[in-house]
Amino acid sequence: NAGVTQTPKFQVLKTGQSMTLQCAQDMNHNSMYWYRQDPGMGLRLIYYSASEGTTDKGEVPNGYNVSRLNKREFSLRLESAAPSQTSVYFCASSEGQSMGELFFGEGSRLTVL
Amino acid sequence: QKEVEQDPGPLSVPEGAIVSLNCTYSNSAFQYFMWYRQYSRKGPELLMYTYSSGNKEDGRFTAQVDKSSKYISLFIRDSQPSDSATYLCAMKRVNTGFQKLVFGTGTRLLVSP
């Protein structure tokens, strides 16, 4: 059982380049989330999707866009990467919106030069 | 002041020690508390979650909540080298979605053989 799968695991970009981080879950979960994790800052929510067809901003949405492609997949796009977006990005999913467990992927390490 | 405070460590202990990991919080409305373990270069995985006050035990792990002091703890008995990881606390109000989950910055634990 794969759980939450993220691709790519590593990426190096130059300032101004664009890229998309892919996330897929095989647990039939309704809700999906994108976080970034930076030293000393903890996990911060970028965007989330409470259910298929909906997306909403989290704490740090600037510079990012998302697409909930279907129930399984939730992608995060950086249109014009900046060095401040160097981080480790985690996708997560949950069956419900408020109870139970938040399942995380293994992360995508992004460096913007 | 951050809503959730967690000492970053590292906390170094010998194998077999009892470990106490702690978080303090400022929002008295928080009643849903979670502890995640994160191994190096991996995603967080849930250890346990608790509601309101009291203790919850799962094997060698005990989660404790003291709402009067706005303080939560995770105790690890008979610590093992495999427990070496970063431990994240997270919390929210019961009837809010996971998009409102607030994470601590994590405490790094090192258990030496």
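For the structure itself, look to the data block above.
Below you will find a few notes about this structure. None of the values given here were measured: they were computed from a predicted structure.

## Observations regarding the interface of chain A and chain B
Facing the 23 residues of chain A at the interface are 23 residues of chain B. Our count for the chain A to chain B interface comes out at 1 salt bridge. Linking Lys42 of chain B and Glu106 of chain A is a salt bridge whose minimum nitrogen-to-oxygen distance equals 3.4 Å. On inspection of chain A and its partner chain B, the count reaches 4 residue pairs in polar contact (both at pLDDT 80 or more). Elements with a minimum of two residues in the side of chain A that touches chain B: strand E4 (31–38), strand E5 (42–49) and strand E9 (87–94) of chain A. Residues that form the side of chain A that touches chain B fall into these classes: 11 nonpolar, 9 polar and 3 charged.

## Digging into the side chain of Thr107 of chain B
Residue and element names in this part refer to chain B. Mapped onto the secondary structure, Thr107 falls in strand E11 (residues 107–112). A polar contact of 2.4 Å, which involves the side chain of Thr107, links it to the backbone oxygen of Asp7. Ignoring anything within four residues of it in the chain, the contact list for Thr107 reads Gln6, Asp7, Pro8, Gly9, Leu21, Ala85, Thr86 and Tyr87.

## Topic: the packing of aromatic side chains
Geometry of an aromatic ring pair is reported as the spacing of the ring centres plus the angle between the planes. Summed over the entire model, instances satisfying the criterion amount to 15 aromatic pairs over all chains. Here Tyr35 of chain A and Phe104 of chain A contribute two aromatic rings whose centre-to-centre distance is 5.7 Å and whose plane-to-plane angle is 45°, an arrangement assigned as tilted. Within this pair, whereas Tyr35 of chain A is found in strand E4, its partner Phe104 of chain A is found in strand E10 (residues 103–104), the two being separated by 69 residues in sequence. Looking at Tyr35 of chain A, the relative accessible area reads 1%, which means it is buried. On the numbers, 5.5 Å between centres and 90° between planes, the contact of Phe104 of chain A with Tyr36 of chain B is edge-to-face. Taken as a pair, Phe104 of chain A in strand E10 and Tyr36 of chain B in strand E4 (residues 32–38) lie in two separate chains rather than in one. On the basis of relative accessible area, Phe104 of chain A is assigned to the buried category, the value being 10%. A relative accessible area of 0% means that Tyr36 of chain B is categorised as buried. One Lys or Arg, Lys92 of chain B, reaches over the ring of Phe98 of chain B and ends 5.4 Å from the middle of that ring.

## Re the sheet that holds strand E1 (residues 4–7) of chain A
All names here are of chain A. Pairing is antiparallel across the open sheet formed by 4 strands, whose spatial order is E1-E3-E8-E7. Only two strands of the sheet have a single neighbouring strand rather than two, namely E1 and strand E7 (64–68). Between one strand axis and the next, the sheet turns through 15° on average, direction left out of account. Examined bridge by bridge, E7 and strand E8 (residues 74–78) share 5 bridges and lie antiparallel to one another. Pairing of Tyr64 across the sheet is with Leu78, part of E8.

Rules and cut-offs
- Residues numbered from 1 in each chain as written.
- Chains lettered and ligands numbered in written order.
- Predicted model: local features only at pLDDT ≥ 70, side-chain atom pairs only at ≥ 80, totals over all residues.
- Heavy atoms only, no water.
- Contact = heavy atoms within 4.5 Å.
- Salt bridge = Lys/Arg side-chain N within 4 Å of Asp/Glu carboxyl O.
- Polar contact = N/O pair within 3.5 Å; in protein donor to acceptor, adjacent residues only side chain to side chain.
- Helix = DSSP H or I, 4+ residues; strand = E, 2+ residues; numbered from the N terminus.
- Nonpolar A, V, L, I, M, F, W, Y, C, P; charged D, E, K, R; others polar.
- Phe/Tyr/Trp six-rings, centres within 6.5 Å; stacked < 30°, edge-to-face > 60°.
- Buried < 20%, exposed > 50% of the residue type's maximum accessible area, 1.4 Å probe, protein only.
- Lys NZ or Arg CZ within 6 Å of the ring centre and 35° of its normal.
- Pairing = 2+ DSSP bridges.
- Axes fitted to C-alpha atoms, helices over the stretch in contact; angles between N-to-C directions.

It is worth stressing that arrangement in space is one thing and function is another; only the former is reported here.
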